[in-house]
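Inside the fold
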Amino acid sequence: SLRSVPARGETRGSVTWGPMATGSLGVRAVAEEGVSRCRAGDWDRGVELLGQLVGARGVSEELPGLAYSFLGFAVARFQKKVREGQRLCEHAVKIQFYEPDNHLNLARVHMLAHNRKAAVESIGRGLKLDPHHAGLRGLRHEIGIRKRPVLRFLNRDNPLNRLLGRMRHDLAND
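My aim in this report is to walk through the structure given alongside it, one point at a time. Predicted model only: the values in this text are computed from it and were never measured.

On a plain count of helices and strands, the chain comes out with eight helices and two strands. Considering only intrachain contacts with a sequence separation of at least 6, the fraction spanning at least 24 residues in the chain is 50%. Here the chain has roughly 10,400 Å² of accessible surface; of this, 51% comes from carbon and sulfur atoms.

Structural data, given as structure tokens:
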């Protein structure tokens, strides 16, 4: 289970969260290792590395956007801090807009926030960058694609549109 991202200088166990000694690896290499661990499913260790980097440097343009993106998704998913996760993911998209994974993680956070419309928009932006991105295509398939309302001049929630939409759906499935 993930712990909350600690404040700079806070000590947890044997780890002091603050300026990080990166040794010969360097900041980017540590960020890449954290992202790689998250992608491999080792969220605890990946977020620990990313949290150390962000704790030491704050939210800036010094780290690659992917570091903020994966940290943001983890904060939203595992710590239930959706707003904080969304803020980190939006920062990632801002500094590294050309990276489809940033759009994927932002879309995931939007889904956790129950904001389907924003998730669909994030998926669309990501797929414009890489139409074959497996994660984006999978999430789009998972949440589905809405058809246009039958009567476009009426709101989707209009009772007549809902009735006609159900009829269209039933006719298509027969």
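In this structure the tally under the stated criterion is four aromatic pairs. An angle of 35 degrees between the planes, with centres 6.1 Å apart, marks the rings of Trp 43 and Phe 70 as tilted. Of this pair, Trp 43 sits in helix 2 (residues 43-57) while Phe 70 sits in helix 3 (residues 65-78), and the two are 27 residues apart along the sequence. A relative accessible area of 5% means that Phe 70 is categorised as buried. Between Trp 43 and Phe 78, the ring centres sit 5.7 Å apart and the planes meet at 50 degrees, which makes this aromatic pair tilted. Here Trp 43 is found in helix 2, whereas its partner Phe 78 is found in helix 3, with 35 residues between them in sequence. For Trp 43, a relative accessible area of 14% corresponds to the buried category. Phe 78 sits in the partly exposed class, given a relative accessible area of 32%. Taken together through their ring pairs, the aromatic side chains of Trp 43, Phe 70, Phe 73 and Phe 78 make up a single cluster.

Using the criterion set out here, one finds five salt bridges in the structure. Note that Arg 39 is salt-bridged to Asp 101, the shortest N-O span being 2.3 Å. Separated by 62 residues along the polypeptide, Arg 39 in helix 1 (residues 27-39) and Asp 101 in helix 5 (residues 100-112) bring together distant segments of the chain. Judged by relative accessible area, Arg 39 falls into the partly exposed class, the value being 49%. Its relative accessible area of 12% is what places Asp 101 among the buried residues. The shortest N-O distance in the salt bridge between Glu 48 and Arg 45 comes to 3.3 Å. Of this pair, Glu 48 and Arg 45 both sit in helix 2, three residues apart, roughly one helical turn. The class of Arg 45 is partly exposed, set by a relative accessible area of 31%. Among the charged side chains, a salt-bridge network with shared partners connects Glu 33, Arg 37 and Asp 42.

Of the volumes computed, that of the largest pocket is approximately 350 Å³. Of the residues belonging to the lining of the largest pocket, the class tally is three nonpolar, three polar and eight charged. Space inside the second largest pocket adds up to approximately 160 Å³. In this structure, the second largest pocket is lined by Arg 116, Lys 117, Val 120, Glu 121, Arg 146, Lys 147, Arg 148, Pro 149 and Arg 156. The class makeup of the residues in the lining of the second largest pocket is two nonpolar, no polar and seven charged.

Cut-offs used in this document
Residues numbered from 1 in each chain as written. Predicted model: local features only at pLDDT ≥ 70, side-chain atom pairs only at ≥ 80, totals over all residues. Heavy atoms only, no water. Helix = DSSP H or I, 4+ residues; strand = E, 2+ residues; numbered from the N terminus. Contact = heavy atoms within 4.5 Å. Areas by Shrake-Rupley, 256 points an atom, 1.4 Å probe, with all protein chains shown as cover. Phe/Tyr/Trp six-rings, centres within 6.5 Å; stacked < 30°, edge-to-face > 60°. Buried < 20%, exposed > 50% of the residue type's maximum accessible area, 1.4 Å probe, protein only. Salt bridge = Lys/Arg side-chain N within 4 Å of Asp/Glu carboxyl O. 1 Å grid on protein atoms, 1.4 Å probe; cavity = no way out; pocket = protein on both sides within 12 Å on 5 of 7 lines; lining within 4 Å. Points joined across faces, edges and corners; volume = space filled by probe spheres on them. Nonpolar A, V, L, I, M, F, W, Y, C, P; charged D, E, K, R; others polar.

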